[in-house]
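# Working through the structure, step by step
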Amino acid sequence: MSELTIEESSSSIRKRMLDLERVYVMSMPPDSPYIRPLRMNYTQDGRQKYWDLMRVHDGVCIVIFNISRMKLVCVKQFRPPCYFASVPEQFGVVDVKKYPAKLGVSLELCAGIIDKNKSIVEIAREEVLEECGYDAPVSLFEKVNCYRDMKEKLDSIISESGTPTKSFDSFSCNSSEIPHAREKNT
């Protein structure tokens, strides 16, 4: 089997990303391993209040700058929440001809959830390889921030879900230092 060029591989990935079938919307099962809806009740200034929120996995976000190309590297992915925001809010089957997969495609920084028993920087490295194809050594990652640790900026940085995101920045994504991983033909 011949190896695909980067362009051919990218085209193949884009085509598969848009191959959406049998979409069905249902209520959230109570045993979801990814999110858990909660309601927090509290008294503030003598008034009883509540706030609906979500408990979710911690995550990593990686800012990648390819020095040789002078480009910020982003990931184009199908995201079910983006897709769901574009279709009528109802349970049941979604007409994918009327609501094509491209409605759920987003452009974002490389990121992932912390769901393995590995160091955060190793999880960040795996996400860069999986999502961008860069096999970057851990030594090229520099921790920028942990949003939850920024006590004075919590309100402006953490989303309403309260999700902490550990952020890493890889400044040395020079193509001569980080070989591009090619998709295997199977």
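Look above for the structure.
It should be emphasised that the depicted structure is a prediction, and the values quoted were computed from it without experimental measurement. (Residues numbered from 1 in each chain as written. Predicted model: local features only at pLDDT ≥ 70, side-chain atom pairs only at ≥ 80, totals over all residues. Heavy atoms only, no water.)

## Focus: the overall build of the chain
Condition: Numbering of helices and strands runs from the N terminus, with a helix taken as a DSSP run of H or I at least four residues long and a strand as a DSSP run of E at least two residues long. In this scheme, a residue with accessible area under 20% of its type's maximum is buried, one over 50% is exposed, and one in between is partly exposed, where area comes from a 1.4 Å probe on protein chains only. The Shrake-Rupley method, run with a 1.4 Å probe sphere, supplies the accessible areas, and residue values consider only the shown protein chains as cover.
In terms of regular secondary structure, the chain is built from 4 helices and 11 strands. For the chain, buried positions account for 29% of its 186 residues. Taken as a whole, the chain presents about 13,100 Å² of accessible surface, with 53% of it coming from carbon and sulfur.

## Thoughts on the packing of aromatic side chains
Just so we agree on the cut-off: Each pair of aromatic rings taken from Phe, Tyr and Trp, with Trp reduced to its six-membered ring, is defined by centres within 6.5 Å and is described as stacked if the planes are under 30 degrees apart, edge-to-face if over 60, and tilted in the remaining cases.
Under the counting rule described, the total for this entry stands at 1 aromatic pair. Ring centres of Phe78 and Tyr83 lie 5.6 Å apart, and the angle between their planes is 50 degrees; on these two criteria the pair is classed as tilted.

## Focus: the side chain of Glu131
Definition in use: Counted charges follow a simple rule, with Lys and Arg positive, Asp and Glu negative, and His plus the chain ends left uncounted. The term salt bridge refers to a side-chain nitrogen of Lys or Arg lying within 4 Å of a carboxyl oxygen of Asp or Glu. Nitrogen and oxygen atoms within 3.5 Å of one another constitute a polar contact, given that in protein one can donate a hydrogen and the other can accept it, and given that sequence-neighbouring residues count only through two side-chain atoms. Any pair of residues with heavy atoms lying within 4.5 Å of one another is described as a contacting pair.
Relative to the helices and strands, Glu131 resides in helix α3 (residues 120–132). No salt bridge is formed by the buried Glu131; the nearest opposite charge belongs to Arg79, separated by 4.6 Å. Looking at Glu131, its side chain comes within polar contact range of the main-chain nitrogen of Ala111, at 3.3 Å. Not counting residues within four places of it along the chain, the set of residues in contact with Glu131 comprises Val75, Gln77, Cys110 and Ala111.

## Brief notes about α3
Every α-helical turn comprises 3.6 residues, leaving residues that sit three or four positions apart pointing alike. This is how the line gets drawn: How far a helix is expected to stretch is found by multiplying one less than its residue total by 1.5 Å.
In a regular helix each residue adds 1.5 Å, so 13 residues correspond to 18 Å; α3 covers 18 Å between its end C-alpha atoms and thus fits that length. Burial in α3 covers these residues: Val121, Ile123, Ala124, Arg125, Glu126, Glu127, Val128, Glu131 and Cys132.

## Some points on the nonpolar core
Across soluble globular proteins, nonpolar side chains show a tendency to be buried alongside one another. As a reminder of what qualifies: Here, nonpolar core means buried Ala, Val, Leu, Ile, Met, Phe, Trp, Tyr and Cys residues that are tied together by side-chain atoms lying within 4.5 Å of each other.
One finds Val60, Ile62, Ile64, Cys110, Val128, Cys132 and Phe141 to be the most contacted residues of the largest nonpolar core, which totals 15 residues. Listed by contribution, the elements that provide at least two residues to this core are β4 (59–66) and α3. Here this core gets 5 residues from one element, more than from any other, and that element is α3. Counting residues in each nonpolar core, the second largest holds 6 residues, with Val23, Val25, Tyr83 and Val87 among its members.

Everything listed is a geometric property; what it means functionally is a separate question.
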